[in-house]
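Examining the three-dimensional arrangement
The residues making up each chain are set out below.
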Amino acid sequence: MTLSVLDRMTLYSQQQYRQDVFSFYAETLEDVNKSFRNAAYRQFTILMHGKVTAGDRRTVPACCVKLIMEKFPSPSGQYTGFVPGEGPVF
């Protein structure tokens, strides 16, 4: 978990590989941490479930969410939370 989901260089490499739009326009600390949180959730989901489609949303266990939020905190304390997709939630 530490190396594959919480490591900044791993997440940065993943963002560059995916050409992640959120990371390109991140200017403030809040934007940077939000893009890293998004990448960490994506990385965790890929590791646990393999490739998922755009509408296929998977919940991340609360213990992992807590670790990701502690590693990449929002300075304002505001978080989006889980946004269900169009497909089934697993």
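Residues numbered from 1 in each chain as written. Predicted model: local features only at pLDDT ≥ 70, side-chain atom pairs only at ≥ 80, totals over all residues. Heavy atoms only, no water.

**Details of the overall build of the protein**
The helix and strand tally for the protein stands at 4 helices and 0 strands. Written out in order from the N terminus, the α and β elements of the protein read α-α-α-α. The buried share among the 90 residues of the protein stands at 27%. Look at the contacts in the protein between residues 6 or more apart in sequence, and 70% of them connect residues 24 or more apart. Carbon together with sulfur atoms contributes 59% to the accessible area of the protein, which is approximately 6200 Å² in total. (Helix = DSSP H or I, 4+ residues; strand = E, 2+ residues; numbered from the N terminus. Buried < 20%, exposed > 50% of the residue type's maximum accessible area, 1.4 Å probe, protein only. Contact = heavy atoms within 4.5 Å. Areas by Shrake-Rupley, 256 points an atom, 1.4 Å probe, with all protein chains shown as cover.)

**Description of the nonpolar core**
Ranked by size, the top nonpolar core spans 11 residues in total: Val5, Leu6, Leu11, Phe36, Ala39, Ala40, Phe44, Val60, Cys64, Ile68 and Phe72. No other element matches helix 3 (residues 29-49), which puts 4 residues into this core. The contacts of Leu11, once residues within four sequence positions are left out, are Val5, Phe36, Ala39, Ala40, Gln43 and Phe72. (Core = buried A, V, L, I, M, F, W, Y, C linked by side-chain atoms within 4.5 Å.)

**Quick notes on the packing of helix 3 against helix 4 (residues 62-71)**
Each packed pair of helices is defined by two parameters, the angle between the axes and the distance between the axes. Contact geometry for helix 3 and helix 4: axes closest at 10 Å, N-to-C directions at 150 degrees. Put simply, helix 3 runs roughly antiparallel to helix 4. As for how helix 3 packs across helix 4, the hand of that crossing is right-handed. Side by side, helix 3 and helix 4 meet where Arg37, Ala40, Tyr41 and Phe44 of the first sit next to Cys64, Val65, Ile68 and Met69 of the second. Tallied by class, the residues present in the contact of helix 3 with helix 4 amount to 7 nonpolar, no polar and 1 charged. (Axes fitted to C-alpha atoms, helices over the stretch in contact; angles between N-to-C directions. Parallel < 35°, antiparallel > 145°, perpendicular 65-115°, else oblique. Left-handed = near helix turned anticlockwise from the far one by under 90°. Nonpolar A, V, L, I, M, F, W, Y, C, P; charged D, E, K, R; others polar.)

**Concerning the environment of Gln43**
Along the chain, Gln43 falls in helix 3. Residue Gln43 is classed as buried on the basis of its relative accessible area, which comes to 15%. In sequence terms Gln43 and Thr10 are 33 residues apart; their C-alpha atoms lie 9.4 Å from each other. What Gln43 contacts, discounting residues up to four positions off in sequence, is Ser4, Val5, Thr10, Leu11 and Gln14.

**Concerning the packing of aromatic side chains**
Taken as a whole and judged by the stated rule, the model has 1 aromatic pair. Aromatic side chains Phe36 and Phe72 sit 5.3 Å apart centroid to centroid with 20 degrees between the ring planes, which places their arrangement in the stacked category. Of the two residues, Phe36 sits in helix 3 while Phe72 sits in the segment after helix 4, which places them 36 residues apart along the sequence. (Phe/Tyr/Trp six-rings, centres within 6.5 Å; stacked < 30°, edge-to-face > 60°.)

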